[in-house]
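# Coordinate inspection notes
Now for the letters of each chain:
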Amino acid sequence: MNTQRIAALLAALLVAGCTALSRDALDRQFGAADPTRHDAPLASTGEISYRRDVQPILERRCVLCHACYDAPCQQKLGAWEGIARGSSKQRVYETRLGEAPPTRLFEDARKASEWRQLGFSPVLNERQPTAEINLAGSVLYRSLQLKERHPLPQVTILPETFDFSLDRAQRCPQLAEFDSFAREHPLWGMPFGLPGLSGSEMDLIRRWLEAGAPFAGLPPLPAKVERHLAEWEAFFNGDSAKQRLVSRYLYEHLFLAHLYFD
Ligand code: HEC
């Protein structure tokens with residue numbers, strides 16, 4: 001082994017050691033992680049509703065960046081399941097020699113704990129479920145708090161630390177890495193490069209996280225929509241030439257958009 005290789009190996013061991021150490025420290029501070037905590041949402045407690053109170057804020061302030069397949073850190077915020085899945089350091093588009101397993105939300109894994117197997121880290125607290133730790137142990141909360149503590153500078157041209165290019169390097173710090181990330185990039189709180197949430201928006205998200213990020217699920221579809229679904233499903237399952245051609249055509253275009261038929 002040449003010196004360069006040995007140095008690289010030592011550096012890798014050191015980094016692995018540091019992460020293991022800080023994980024130990026987190027276990028002592030917040031209790032051990034339970035990766036199945038968000039496999040199913042807590043039922044809504046009634047006081048704060050995800051759909052009524054939280055989702056509109058995420059839709060107004062976050063999904064413009066956190067909705068696409070290649071969202072930063074693969075963090076999707078358009079559905080509760082995306083929040084429960086968390087973030088990944090793995091980039092969706094990059095030059096690579098081998099193929100990468102796809103990570104489509106609702107498709108390639110179902111539960112948060114299954115996403116952990118595919119390299120996703122929690123942004124909700126998975127440690128002791130107290131109100132306090134539900135905040136301190138949540139990367140999502142920490143990233144909002146970072147912006148609260150270091151608001152967007154009031155200048156005409158933003159400092160260079162904000163890189164908005166599509167292929168910007170990304171850090172996606174896990175909980176154990178968050179303190180050093182915050183020290184290095186104090187201005188990188190969320191929403192990235194934009195003004196922070198208002199006091200009342202922060203308050204709603206804080207109370208929702210403190211309660212354990214409950215979600216009552218989606219309301220049942222209206223009967224009219226259920227009828228449409230049944231009709232289309234029957235059509236897609238038919239085997240006339242017309243039905244097969246239409247099914248094929250729609251299937252091949254689904255990657256482009258959601259199709260809407262009145
Ligand atoms: C202008 C685009 C943009 C907006 C708007 C935005 N983000 Fe982000 N978000 C980013 C970028 C870029 C990163 C990756 C930062 C890095 O390098 O770690 C990120 C990362 C994250 C992560 C993952 C952090 C990690 O450690 O893995 C979370 C959670 C997050 N954002 C939450 C939010 C929330 C909540 C909002 C809305 C209040 C929001 N973001 C709005 C661009 C944005």
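Positions within a chain are numbered from 1, following the residues in the order the chain's sequence is written. Local features in this predicted model are restricted to residues whose pLDDT is 70 or higher, and side-chain atom pairs enter the listing and the counts only when it is 80 or higher, whereas totals over whole chains, interfaces and linings include all residues. Values reported for side chains reflect all heavy atoms of the structure, with hydrogen atoms and water molecules removed beforehand.

The subject of this paragraph is the packing of aromatic side chains. Pairing of aromatic side chains here covers Phe, Tyr and the six-membered ring of Trp, requires ring centres within 6.5 Å, and sorts the geometry by plane angle: under 30 degrees stacked, over 60 edge-to-face, intermediate tilted. Using the criterion set out here, one finds 13 aromatic pairs in the structure. An angle of 80° between the planes, with centres 5.6 Å apart, marks the rings of F162 and F192 as edge-to-face. With F162 in the loop between α6 (139-149) and α7 (178-184) and F192 in the loop between α7 and α8 (199-210), this residue pair connects regions lying 30 residues apart in the sequence. Here's how the labels work: a residue is buried when its accessible area is under 20% of the maximum for its type, exposed when over 50%, partly exposed in between, all with a 1.4 Å probe on protein chains only. Overall, F162 belongs to the buried group, its relative accessible area being 7%. Seen from their ring centres, W188 and F192 are 5.9 Å apart, and the 70° between their planes marks the pair as edge-to-face. On the basis of relative accessible area, F192 is assigned to the buried category, the value being 15%. An aromatic cluster is present here, built from F162, F164, F178, F181, W188 and F192 joined pairwise through their rings. In this structure, R168 is placed above the aromatic ring of W188, and the distance from its NZ or CZ to the ring centre is 4.9 Å. Each helix corresponds to a stretch of at least 4 residues labelled H or I by DSSP, and each strand to a stretch of at least 2 residues labelled E; elements are numbered beginning at the N terminus. Remark: a charge is flagged as sitting over a ring if the NZ atom of Lys or the CZ atom of Arg is within 6 Å of the ring centre and within 35 degrees of the ring normal.

What follows is about the state of the cysteines. Note on disulfides: each one is a pair of cysteine sulfur atoms within 2.5 Å. For the structure shown, the criterion picks out one disulfide. Just so you know, C68 is unpaired, no disulfide at all, and the nearest cysteine sulfur is the one on C65, 9.0 Å from it.

So, on to the pattern of salt bridges. Throughout this description, the term salt bridge denotes a Lys or Arg side-chain nitrogen within 4 Å of a carboxyl oxygen of Asp or Glu. Under the defined criterion, the tally for this structure stands at 13 salt bridges. Linking R52 and D53 is a salt bridge whose minimum nitrogen-to-oxygen distance equals 2.9 Å. Looking at D53, the relative accessible area reads 13%, which means it is buried. One salt bridge in this structure joins D203 and R206, with 4.0 Å as the shortest N-O distance. You can see D203 and its partner R206 sitting in helix α8, three residues apart, about one turn around the helix. Among the ionic contacts, a cluster of salt bridges with common partners joins E47, E148, D203, R206 and R207.

What follows is about the site of the ligand. Around the ligand, the surrounding shell holds 26 residues, and the nearest of these are C62, C65, H66, P173 and M190. Here a polar contact is recorded for every N or O atom pair within 3.5 Å, except that within protein the pair must consist of a potential hydrogen donor and a potential acceptor, and residues adjacent in sequence are included only if both atoms are side-chain atoms. In the model, a nitrogen atom of the ligand is placed 2.8 Å from a nitrogen or oxygen of the H66 side chain. With respect to the ligand, the backbone of P173 contributes an N or O atom lying 2.5 Å from an oxygen atom. Among the elements that make up the shell around the ligand, the one with the highest residue count is α6 (three residues). Think of it this way: one heavy atom of a residue within 4 Å of a molecule or strand is enough to make that residue near it.

So, to be careful, I would describe these as geometric facts and stop short of saying anything about function.
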